[in-house]
Amino acid sequence: MTESKECERLLHSLGEYVDGELSEDLCTEIERHLLECHNCQVVVNTLRKTIELYHEEEEQETLPPEVGRRLYMRLNLEDYLRP
Amino acid sequence: MNEPNVKKPLSVQALKAGNREEFARMVEQYSPGIYRLALKMLGNAQDAEDVLQETFLKALRALPGFEERSSLSTWLYRIAMNEALMILRKKRPEAFSLEDQTTSQEDGESIEEPRDIVDWCCLPENELLSSEARDFLNRAVEQLSPALRAVFVLRDLQDLSVRETAEALGISETAVKTRLLRARLKLREELSAYYGHRMEVLGYDRIERM
């Protein structure tokens, strides 16, 4: 991917770019580069999607009820256990 | 979690004074997140449950002396992360001895170039999050070094800010950013190989592979 200096620069700012933490100027610069660099576009898209998938997967995981029950017992909080 | 009393912010003062009801609310609010954190760090339900229990037992003992230098949640995540790393260190010391040699490298300037350039974003959602894909996602996190995994779990899975992640791990914000980028790029690489293969199996045309 690092065919040009711009690709390399993008790589270093990638984290902040996908988190929306870069200055407007840098963003504009990166977006201009993305328009003409297919590889960087793919890397940005798949990086975003990677983070998104982990988010979605995480949201679907809950505390198993029996684990919660044992925790409350261990902490002597039985009276606060919700049915 | 929809109960009105859960939404009321926790009173740190009541917690420090040993109010049991407030402590129960804290447990209710944070136990799912702490369990997930431990599960992702350790990849084992029994270990994760141990971390969960130890975290709140330690918090209960330490609350009267809580100095509020960080938020309550960051403080709890810090206790939980220390517990998880301790178990990891006992079970897999080799991951840490290796890490000592690579930590400085991991915080250094150089970022590994992306290798797998395939756009798998077009795969349908049921393919991206099939049960097989979920297993793969979890295994990929487990393969990260403990240092990278800890940052990824706190920042991207538990949604802590860069600053909170730095506080919870006792490292600089710069180190958080570098490790986070490395972790994300490694995961992207793993996922690209996996989903790229799925695209081939399903007959999608791979646009380009470098």
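Parameters at a glance
- Residues numbered from 1 in each chain as written.
- Chains lettered and ligands numbered in written order.
- Predicted model: local features only at pLDDT ≥ 70, side-chain atom pairs only at ≥ 80, totals over all residues.
- Heavy atoms only, no water.
- Helix = DSSP H or I, 4+ residues; strand = E, 2+ residues; numbered from the N terminus.
- Buried < 20%, exposed > 50% of the residue type's maximum accessible area, 1.4 Å probe, protein only.
- Contact = heavy atoms within 4.5 Å.
- 1 Å grid on protein atoms, 1.4 Å probe; cavity = no way out; pocket = protein on both sides within 12 Å on 5 of 7 lines; lining within 4 Å.
- Points joined across faces, edges and corners; volume = space filled by probe spheres on them.
- Nonpolar A, V, L, I, M, F, W, Y, C, P; charged D, E, K, R; others polar.
- Axes fitted to C-alpha atoms, helices over the stretch in contact; angles between N-to-C directions.
- Parallel < 35°, antiparallel > 145°, perpendicular 65-115°, else oblique.
- Left-handed = near helix turned anticlockwise from the far one by under 90°.
- Phe/Tyr/Trp six-rings, centres within 6.5 Å; stacked < 30°, edge-to-face > 60°.
- Buried area = accessible area lost by both parts, 1.4 Å probe.
- Polar contact = N/O pair within 3.5 Å; in protein donor to acceptor, adjacent residues only side chain to side chain.
- Expected span 1.5 Å × (residues − 1).
- Arc of directions from axis to C-beta.

(A) View of the overall build of chain B. In terms of helices and strands, chain B carries 11 helices and zero strands. Traced from its N-terminal end to its C-terminal end, chain B shows the element sequence α-α-α-α-α-α-α-α-α-α-α. Per-residue burial for chain B yields a buried fraction of 53% across its 210 residues. Across chain B, the fraction of contacts at a sequence separation of at least 24, relative to all contacts at a separation of at least 6, is 69%.

(B) Looking closely at the layout of surface pockets. There is about 430 Å³ of room inside the second largest pocket. Taken together, 13 residues make up the lining of the second largest pocket; nearest its centre are A:Leu63, A:Gly68, A:Tyr72, A:Arg82 and B:Glu28. When the residues that make up the lining of the second largest pocket are grouped by side-chain class, the tally is eight nonpolar, two polar and three charged.

(C) Representation of unusual backbone geometry. Within the chain, A:Asn76 stands out as a residue other than glycine whose phi angle is a positive 55°. Relative to the helices and strands, A:Asn76 is located in the segment after α4 (65-74). Look at B:Asp159: it is not a glycine, yet its phi comes out positive at around 65°. Relative to the assigned elements, B:Asp159 resides in the loop between α9 (146-157) and α10 (162-169). B:Asp159 sits in the exposed class, given a relative accessible area of 52%.

(D) Representation of the packing of helix α3 (residues 20-42) of chain B against helix α4 (residues 45-62) of chain B in the model. Residue and element names in this part refer to chain B. Relative to each other, α3 and α4 sit at 140°, their axes nearing to 8 Å. Taken together, the axis directions place α3 and α4 in an arrangement best described as oblique. Judged by the sense of rotation from one axis to the other, the crossing of α3 with α4 is right-handed. Every residue of α4 that contacts α3 at Phe 23, Met 26, Val 27, Tyr 30, Ser 31, Ile 34, Tyr 35, Ala 38, Leu 39 and Leu 42 is listed here: Ala 45, Asp 47, Ala 48, Glu 49, Val 51, Leu 52, Thr 55, Phe 56, Ala 59 and Leu 60. Looking at the contact of α3 with α4, its residues break down into 16 nonpolar, two polar and two charged.

(E) Inspection of the packing of aromatic side chains at higher detail. Residue and element names in this part refer to chain B. In this structure the tally under the stated criterion is five aromatic pairs over all chains. Aromatic pair Phe 66 and Trp 75: ring centres 4.6 Å apart, planes at 35°, arrangement tilted. Here Phe 66 and Trp 75 have matching classes, each one buried. Seen from their ring centres, Tyr 194 and Tyr 195 are 5.1 Å apart, and the 70° between their planes marks the pair as edge-to-face. Each member of the pair, Tyr 194 together with Tyr 195, is buried.

(F) How the structure looks around the interface of chain A and chain B. In this complex, chain A contributes 42 residues to the contact, which on the side of chain B involves 57 residues. Summed over both partners, the interface of chain A with chain B comes to about 4,700 Å²; 60% of that surface belongs to carbon and sulfur atoms. For chain A, the biggest contributors to the area lost against chain B are A:Tyr54, A:Glu58 and A:Arg82; these three give 15% of the whole. Of all the secondary-structure elements, those providing two or more residues to the side of chain A that touches chain B are α1 (5-18), α3 (38-59) and α4 of chain A. The element that contributes the greatest number of residues to the side of chain A that touches chain B is α3(A), accounting for 16 residues.

(G) Summary view of the side chain of B:Glu189. All names here are of chain B. You can see Glu 189 is positioned in helix α11 (residues 173-202). Overall, Glu 189 belongs to the buried group, its relative accessible area being 12%. Here the side chain of Glu 189 touches Arg 115 through a polar contact of 3.1 Å, landing on its backbone nitrogen. Polar side-chain contacts of Glu 189 include one of 2.5 Å to the backbone nitrogen of Asp 116. Excluding residues within four positions of it along the chain, Glu 189 makes contact with Glu 113, Pro 114, Arg 115 and Asp 116.

(H) Quick peek at helix α8 (residues 131-143) of chain B. Here α8(B) contains 13 residues, and its C-alpha end-to-end distance of 19 Å stays within 8% of the 18 Å for a straight helix at 1.5 Å per residue. Listed as buried for α8(B) are B:Ala133, B:Phe136, B:Leu137, B:Ala140 and B:Val141. For α8(B), the angular spread of buried residues about the axis comes to 135°, placing them on one side. Residues of α8(B) that are buried in the fold lie against α3 of chain A together with α3, α7 (125-128), α9 and α11 of chain B.

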